[in-house]
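Examining the three-dimensional arrangement
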Amino acid sequence: MISAIETILIDIPTIRPHKLSVATMNTQTLVLVKISTEDGLVGWGEATTIGGLKYGDESPESVRVNIQQHISPLLLQQDEKRVGGLMNRLRKQIRGNRFAKCAIETALLDINSQRLGVPMSELLGGRLRDSVPVLWTLASGDTANDIAEAQMMLDLRRHNSFKLKIGLNSIQEDVRHVLAIKKALGDDVSIRVDVNQAWSELQATTAIAQLQDGGIDLIEQPLKAENRRGMARLTERFSVAIMADETLNGPQDAWDVAQQNAADVFAVKIAQSGGLTQAKELATIARLSGISLYGGTMLEGAIGTIASAQLFATFEELTFGTELFGPLLLTQDILTEPLKYHDFALELPTGKGLGLAIDTDKIAAWRRQD
Ligand code: MUC
Ligand code: MG
């Protein structure tokens, strides 16, 4: 039986300002959900987002209040083993709140896989790989700093693909910035861009032509999430891969994007999809539609990152790798043993459940007190 559900907020400074077209992040607020059972098991989930309400429509504070006031009463004293039934109940009685639902589902799956003594990936269809490739996002806002940062990551053998956050400056400045980095890092390094919806279709057409000529590998969400017909026109027009991100807020969106040929690649995000099961449905829709996969992030800490990795490890096709570097952007982590990033990849834990060594003392000391 579920005996307690707690939502914990922790504000952690980033290692440097992280500049997106929608927000500059100097701190990240981890939104952690802890579910306890009457027989003493504890499961963790995460509902972290980016930039308060600047990126998504749930804030850390709204997740906490909605879990407390509306979601917990539907779950307390229920059998935690009935994950599908409980999530179905939430989907029927709670509109939206995909991040909150994802955190709850993750914590329930954590408990159930611990009880079975298997890694969470085994409850998600089964692990097909023991690590996932991880890129790094260059978003310092300065070309020379970004090149130095990339060079350091290459030397450390931590990342050999880079995503550049653009859309804040003029098209000319952005294209110059991206192509200077591509030139400095050379042909063997994959460079992608994420525009976070900042361009009009006309701007996108001009910029993508130049980025494609310059050898850029992937263009992420260039247009507004609502403009799928525009995304379809770009996908048709250019050979460089066009990726859908903010437009994918669950399986129905994935289906519509696939039907409209509005992307070559899906960025699958567990929270944006409304949970691990729905994120898996996105991947199935992609597979059946000939769309490639990329494992996305909301720059979560260790819990959301490893929950995502547990799912992405069940994907046979993961052509564009993942961006599960969230914990590396933070100055502190909540584990007693750090995650294993090496050889341009994140190693999947082999332990039961999420497989993380969570430091509850740190969480108790750092949690927001209000
Ligand atoms: C996004 O839009 O993909 C992922 C990496 C990063 O730097 O920002 C995010 C969100
Ligand atoms: Mg994105």
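The sections below set out a description of the structure shown in this document.

A look at the overall build of the protein
Helix and strand content of the protein: 11 helices and 13 strands. For 370 residues, the compact-globule estimate of 2.2 N^0.38 gives 21 Å, and the C-alpha radius of gyration of the protein, at 20 Å, lies within 12% of that figure. Based on the C-alpha atoms only, the size of the protein along its principal axes is roughly 60 × 40 × 40 Å. When burial is assessed residue by residue, the protein has 59% of its 370 residues classed as buried. At a minimum sequence separation of 6, the contacts of the protein that also span at least 24 residues come to 72%. The centroid of the 37 positive side-chain charges in the protein is displaced by 3 Å from the centroid of its 46 negative side-chain charges.

Topic: the pattern of salt bridges
Evaluated as defined, the whole model comprises 17 salt bridges. Glu-61 serves as the salt-bridge partner of Arg-368, at 2.8 Å between the closest nitrogen and oxygen. Placement of Arg-368 in the segment after helix H11 (360–366) and of Glu-61 in helix H1 (residues 60–75) is noted, with a sequence separation of 307 residues between them. Notably, a salt bridge pairs Lys-163 with Glu-220, separated by 2.9 Å at the nearest N-O pair. Remark: Glu-220 occurs in strand E8 (residues 218–220) and Lys-163 occurs in strand E6 (residues 161–165); sequence separation between them is 57 residues. Accessibility assignment for this pair places Lys-163 and Glu-220 in one class, buried. Counted as one network, the salt bridges with shared partners bring together Lys-163, Lys-165, Asp-194, Glu-220 and Glu-323.

Quick notes on the site of ligand 1
Taken together, 15 residues form the shell around ligand 1, and within it His-18, Tyr-55, Lys-163, Asp-194 and Asn-196 come nearest. At 3.4 Å from an oxygen atom of ligand 1 is found a side-chain nitrogen or oxygen belonging to Lys-269. Expressed as a share of its isolated accessible area of 280 Å², the protein-covered part of ligand 1 is 100%. Each residue belonging to the shell around ligand 1 can be placed in one class, and the counts come to 4 nonpolar, 4 polar and 7 charged. Counting only domains with at least three residues in the shell around ligand 1, you end up with domain 1 (2–117 + 358–366) and domain 2 (123–347).

Comments concerning the sheet that holds strand E2 (residues 24–37)
Taken in spatial order, the 3 strands make up an open sheet running E1-E2-E3, and their pairing is antiparallel. This sheet does not close on itself; its edge strands, each paired only once, are strand E1 (2–19) and strand E3 (42–46). Neighbour-to-neighbour, the strand axes of this sheet turn through a mean angle of 25°, independent of strand direction. Summarising the sheet, E2 and E3 pair through 5 bridges and their orientation is antiparallel. Its bridge partner being in E3, Lys-34 is matched across the sheet by Trp-44. Sitting on the sheet, helix H10 (residues 302–312) is in contact with E2 and E3, with an inclination near 90° to E3.

Description of the coordination of the magnesium ion (ligand 2)
Coordination of the magnesium ion (ligand 2) by the protein comes from Asp-194 (OD), Glu-220 (OE) and Asp-245 (OD), over a distance range of 2.0 to 2.2 Å. Spacing between the donor residues of the magnesium ion (ligand 2) along their common chain follows D-x25-E-x24-D. Placement of Glu-220 in strand E8 and of Asp-245 in the loop between strand E9 (241–244) and helix H8 (251–259) is noted, with a sequence separation of 25 residues between them. As far as the burial class goes, Glu-220 and Asp-245 line up, both buried.

Things to note about the packing of aromatic side chains
Scanning the model with the defined rule gives 2 aromatic pairs in all. Ring geometry for Phe-312 against Phe-315: centres 5.6 Å apart, planes inclined by 40°, an arrangement best described as tilted. Comparing Phe-312 with Phe-315 shows no difference in burial state: the two are buried. Its guanidinium or amino end placed over the ring of Trp-136, Arg-158 lies 5.1 Å from that ring's centre, counting from NZ or CZ.

Some points on the side chain of Asn-196
Assignment of secondary structure puts Asn-196 in the loop between strand E7 (190–194) and helix H6 (201–213). You can call Asn-196 buried: its relative accessible area is 2%. Within polar-contact distance, the side chain of Asn-196 engages the side chain of Glu-246 at 2.7 Å. Asn-196 has contacts with Leu-20, Ser-21, Val-22, Tyr-55, Lys-165, Glu-220, Gln-221 and Glu-246, leaving out every residue within four places of it along the chain.

Some words on the pairing of strand E11 (residues 292–295)
Neither face of E11 is left uncovered, since the one carrying Ser-292 and Tyr-294 and the one carrying Leu-293 and Gly-295 both have all their residues buried. In this structure, strand E10 (residues 265–268) lies alongside E11, joined through 4 bridges in parallel fashion. Residue Val-265 lies in a different strand from E11, and its bridge partner there is Ser-292. The parallel pair E10 and E11, bridged by helix H9 (residues 276–289), forms a crossover whose chirality is right-handed.

Thresholds applied
Residues numbered from 1 in each chain as written. Chains lettered and ligands numbered in written order. Predicted model: local features only at pLDDT ≥ 70, side-chain atom pairs only at ≥ 80, totals over all residues. Heavy atoms only, no water. Helix = DSSP H or I, 4+ residues; strand = E, 2+ residues; numbered from the N terminus. Rg over C-alpha atoms; globule rule 2.2 N^0.38 Å. Buried < 20%, exposed > 50% of the residue type's maximum accessible area, 1.4 Å probe, protein only. Contact = heavy atoms within 4.5 Å. Lys, Arg positive; Asp, Glu negative; His and termini not counted. Charge placed at Lys NZ, Arg CZ, Asp CG, Glu CD. Salt bridge = Lys/Arg side-chain N within 4 Å of Asp/Glu carboxyl O. Near = heavy atom within 4 Å. Polar contact = N/O pair within 3.5 Å; in protein donor to acceptor, adjacent residues only side chain to side chain. Areas by Shrake-Rupley, 256 points an atom, 1.4 Å probe, with all protein chains shown as cover. Nonpolar A, V, L, I, M, F, W, Y, C, P; charged D, E, K, R; others polar. Domains from an automatic or database assignment. Pairing = 2+ DSSP bridges. Axes fitted to C-alpha atoms, helices over the stretch in contact; angles between N-to-C directions. Donors = N, O, S within 2.8 Å, 3.2 Å for Na, K, Ca; no water. Phe/Tyr/Trp six-rings, centres within 6.5 Å; stacked < 30°, edge-to-face > 60°. Lys NZ or Arg CZ within 6 Å of the ring centre and 35° of its normal. Right-handed = clockwise from strand over helix to strand, strands pointing away.

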